[in-house]
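Listed here are the chains, written in short residue letters.
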Amino acid sequence: MQARRWVTEFWLIPIVVLATLVRLYGSTASAVWCDEGSSLFMSQFSPLLIWVHSAHDVHPPLYFLLLHAWTSAFGSSLFSIRLLSVLPGIGSVVLGVWLTLLIASRRAALLAGLFLALLPIAVRYSQEVRMYSLMGFWLLGATIALVYWVKNPQRHAYLMAYALLMTASFYTHYFTAFCVLSHWCYLLLLRKAQPCLIRRPAWWITNGLIVVMFTPWLFDFFDLLRHLDQLRAGNDIGWITPVDAYSLPSTVWQFFTLTDGTFVPGWIYLSLPVALAVIVVAVWRHDQGPYKFHGLLIIYALLPPIVVFAISWITPLLVERYLMFSALGLPIILAVAIDRIAERFRTAAVFAVALLLTLELTGLSNDYRTDPEQFDDLVNYVNEHYVAGDRIVVSDMFWYLSYRYYNKTPTVPLLYTPDKPDGTSGRPNAYGFGTLFTDSSNVYLDKLQALESGPARVWLISNKAPPDDFTSIPASWVNVSTLTIEDTQLRLYEVPDAAHAKHP
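Calculation criteria
- Residues numbered from 1 in each chain as written.
- Predicted model: local features only at pLDDT ≥ 70, side-chain atom pairs only at ≥ 80, totals over all residues.
- Heavy atoms only, no water.
- Pairing = 2+ DSSP bridges.
- Helix = DSSP H or I, 4+ residues; strand = E, 2+ residues; numbered from the N terminus.
- Axes fitted to C-alpha atoms, helices over the stretch in contact; angles between N-to-C directions.
- Left-handed = near helix turned anticlockwise from the far one by under 90°.
- Contact = heavy atoms within 4.5 Å.
- Nonpolar A, V, L, I, M, F, W, Y, C, P; charged D, E, K, R; others polar.
- Buried < 20%, exposed > 50% of the residue type's maximum accessible area, 1.4 Å probe, protein only.
- Phe/Tyr/Trp six-rings, centres within 6.5 Å; stacked < 30°, edge-to-face > 60°.
- 1 Å grid on protein atoms, 1.4 Å probe; cavity = no way out; pocket = protein on both sides within 12 Å on 5 of 7 lines; lining within 4 Å.
- Points joined across faces, edges and corners; volume = space filled by probe spheres on them.
- Salt bridge = Lys/Arg side-chain N within 4 Å of Asp/Glu carboxyl O.
- Patch = residues over 30% accessible without salt bridge, like charges linked within 9 Å, V, L, I, M, F, W, Y side chains within 5 Å.
- Areas by Shrake-Rupley, 256 points an atom, 1.4 Å probe, with all protein chains shown as cover.

Draft legend 1. Looking closely at the pairing of strand β5 (residues 478-485). When β5 meets strand β6 (residues 488-494), the two strands line up antiparallel, connected through seven bridges. Considered in β6, the bridge of T484 is made with Q489. Hairpin remark: β5 followed by β6, antiparallel, with two residues in the connecting loop; positive phi at E486, about 55°.

In C-alpha cells form, the structure reads like this:
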C-alpha cells in the first residue's frame, strides 16, 4: 500500500534523478572547445563590458552575465562551468512533465519525463558551456504560462510571467523569435474555438511589454545586423552549411541520435521522419479539446525547424543546437501518442516505448563517446614542460580560445595572424570572436620572425592536417619535439640566436 502511494505521489523523483545522472555523467569527459572558450572569455569581463562586447557578438548577453556571476561564486572548474547548463537541462525535464500534466494524462506526463530525461540533443547541450539549455528552459516555461493564460484569460499574472520568461529568452538567444511565431500561430489556430484571445488587448500589451523590455538591446542588435559582412569575414556566421533536401530529416536524426542518419540504408533513414510525421498527424486529428493544446505542442516543436529550413535556402541558419528548444516538444508529442495507443493496444505501446528508448540510448552512447586523447592533454603537456621565457603561439582562433582556458603558464599565448594572400591584415575585426580582443591586440602575432630576438624556445600549436598553418617558420629554428593529439599538433622550436645568447 505504501509502495503504491509512493509511486502515485512521488513518481517524478526517479525521473529527476535519471535526468540528473545522465547529464552529470560524462559532463567533464570532453575538453572545452572553441565556443565554450568564447563563453568563458566573455564572462571574464565586467558586466558592463559583457554588454558592450555581446553587442558585437552573435548572441545576446544574459548567459554570459550569468556565467560571470556563477564563476565568481563557484569557480571555473570544468564541473562548475558545465553545471550551469546541467541545471536548466534538469529543470526543462521538470517543466516538460508539468506541461504534459496540463494538457494530457499522468501516464503521458510520466512517459514525457522519461523521454525528455534521455533526449540526446537535450543531454548534449546540457553539458556545454553555452546558452542553449537555458533557452530551452525559458521557452518551456513561457509555453506553460501561455497554457495557463489560455485556460484562464482573466488571470493577467500568467501573461506577466510569460512576458518575463520570453524577455529572458530573447536576452539569451535570438532564435526565441521563432518560438514567438509558434505561439502567435497557435492563437490564430484558436480563432474559431476562442475567437477573443488573439484580439484581447492584454495579449497585445504583453507582447508590447516584451518589446519594451528588450528595447535596450534592440539598438545593439540592429547595429549588429548592419555589420553582417564583418561577422561573415570573421567566420562567425559564414560557417553554417547550406541546406539541401536531406537537411530537415537529418535534423530529426540529430535530435534523437546526434548523427545525421545518412549512414543508414535509405528506407531506415526516411522511416524516422516519416513515422514522426504520421504520429504528428494522428495527434493533431485526435485533439478534441477546446484549446487544441496538442496543436500547440506540434506547432512549438515543428514550426521553428520548418521556418528556419525554408529561410536557410536564402541564407543558411539551420543549426540543430539553435533549435534544441523545439526538440523538447517532440518527446511530449510522442508521449501523448503512446498514451493514446496504450488505451487500446498495450503491447503496441510497450513496443513503441522500447523502440524510442533504444533510439535515445543510441544517441546517448554517441554523446558519451569521447576520444581518449583530448586537447587539454596537449595544453597540459606545455604546462608541465614550460620553461621561463618560452613563448606560445596558436595558429587559429578555434584552438586559441580553448587554449586560454587550460593555460597555466605565466605566458599569455599569442594568436598567429599572418597577412591574407591579398596583403590585407589577417587580424580579426571587432565583431564575433574578434570583439574579445579589441582591448588586447598585443595577443596578435603577424610574423614568427618577430620572436627571433627574444625567447629561447617557441611552442607552436596548429592543425596537423596539411597545409601547415605556420607557412613561414624561419629556417634557422630547430624543431626539438613534436606531439600530435587527434587533429592537433604541438611543436617545440629552439631559436638559435636566443639560445646562443643564453649559452655562448
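Draft legend 2. The arrangement of the packing of helix α15 (residues 266-285) against helix α18 (residues 329-344) in detail. Between α15 and α18, whose axes approach to 10 Å, the crossing angle comes to 65°. The handedness of the crossing between α15 and α18 is left-handed. Each of L276, I279, V280 and V283 in α15 lies in contact with α18, whose residues at this interface are L330, I333, L334, V336 and A337. Looking at the contact of α15 with α18 residue by residue, the classes come out as nine nonpolar, no polar and no charged.

Draft legend 3. Here's a closer look at the pairing of strand β4 (residues 457-463). Most of β4 sits out of view: six of its seven residues are buried. With four bridges connecting them, strand β1 (residues 391-394) and β4 associate as parallel partners. Among the inter-strand pairings, I392 is bridged to a residue of β4, identified as W459.

Draft legend 4. Main features of the packing of aromatic side chains. Within the structure shown, the criterion is met by 36 aromatic pairs. Between Y300 and F325, the ring centres sit 6.0 Å apart and the planes meet at 80°, which makes this aromatic pair edge-to-face. Taken together, the residues Y300 in helix α16 (residues 293-312) and F325 in helix α17 (residues 324-327) connect sequence positions 25 residues apart. When its relative accessible area of 2% is taken as the criterion, Y300 is described as buried. The structure contains a cluster of three or more aromatic residues connected by ring pairs, namely W33, F375, F398, W399 and Y403.

Draft legend 5. Layout of the side chain of S85. Considering the arrangement of structural elements, one finds S85 in helix α6 (residues 78-103). S85 gets classed as buried once you look at its relative accessible area, which sits at 1%.

Draft legend 6. Representation of the sheet that holds β1. Across the sheet, six strands lie side by side as β3-β2-β1-β4-β6-β5; this open sheet has mixed pairing. Whereas interior strands pair on both sides, the edge strands pair on one side only; in this sheet they are β3 (444-445) and β5. The sheet strands contacting helix α21 (residues 397-406) are β1, β2 (414-416), β4 and β6, and the helix crosses β1 at an angle near 135°.

Draft legend 7. Layout of empty space enclosed by the protein. Inspection of the entire model under this criterion finds one cavity of 30 Å³ or more. There is about 30 Å³ of room inside the largest cavity. Forming the walls of the largest cavity are R23, G89, S92, V93, A122, S126, S133, M324 and L328. The biggest single contributor to the lining of the largest cavity is α6, with three residues. Broken down by class, the residue content of the lining of the largest cavity amounts to four nonpolar, four polar and one charged.

Draft legend 8. Up close: α18. In terms of residue burial, α18 counts as a mostly covered element, since twelve of its 16 residues are buried. Restricting attention to buried positions, one finds in α18 the residues G329, L330, P331, I332, I333, L334, A335, V336, A337, I338, D339 and A342.

Draft legend 9. Local environment of the pattern of salt bridges. Under the criterion given, the structure shown has eight salt bridges. Where R82 meets E36, a salt bridge forms, and the shortest distance between an N and an O atom there is 2.9 Å. Taken as a pair, R82 in helix α6 and E36 in helix α3 (residues 34-43) lie far apart in primary sequence, 46 residues in all. Owing to a relative accessible area of 2%, E36 belongs among the buried residues under this scheme.

Draft legend 10. Seen up close, helix α14 (residues 247-257). In terms of residue burial, α14 counts as a mostly covered element, since ten of its eleven residues are buried. Buried residues of α14: S247, P249, S250, T251, V252, W253, Q254, F255, F256 and T257, and no others. Immediately downstream of α14, the backbone of L258 shows phi near 60°, a positive value.

Draft legend 11. Seen up close, the side chain of S92. By secondary structure assignment, the location of S92 is in helix α6. Taking relative accessible area as the criterion, S92 reaches 4% and is therefore assigned buried. For S92, the residues in contact, after removing those within four places along its chain, are L116, S133, G136, F137, L140 and L328.

Draft legend 12. Representation of unusual backbone geometry. For the bond from P466 to P467, the omega torsion is 0°, close enough to zero to count as cis. You can see P467 is positioned in the loop between β4 and β5. Even without being a glycine, K292 presents a positive backbone phi close to 55°. The residue K292 is located in the loop between α15 and α16 in this model.

Draft legend 13. Inspection of a nonpolar patch on the surface at higher detail. A contiguous nonpolar patch, built from F10, I13, V17 and L21 and spanning about 340 Å² of accessible area, is present on the exposed surface. Top element by residues in the nonpolar patch is helix α2 (residues 12-24). It accounts for three residues. Take I13: it is sitting in helix α2. Overall, I13 belongs to the partly exposed group, its relative accessible area being 44%.

Draft legend 14. Main features of the environment of H156. Within the fold, H156 resides in helix α10 (residues 156-170). For H156, a relative accessible area of 48% corresponds to the partly exposed category. In sequence terms H156 and T206 are 50 residues apart; their C-alpha atoms lie 9.2 Å from each other.

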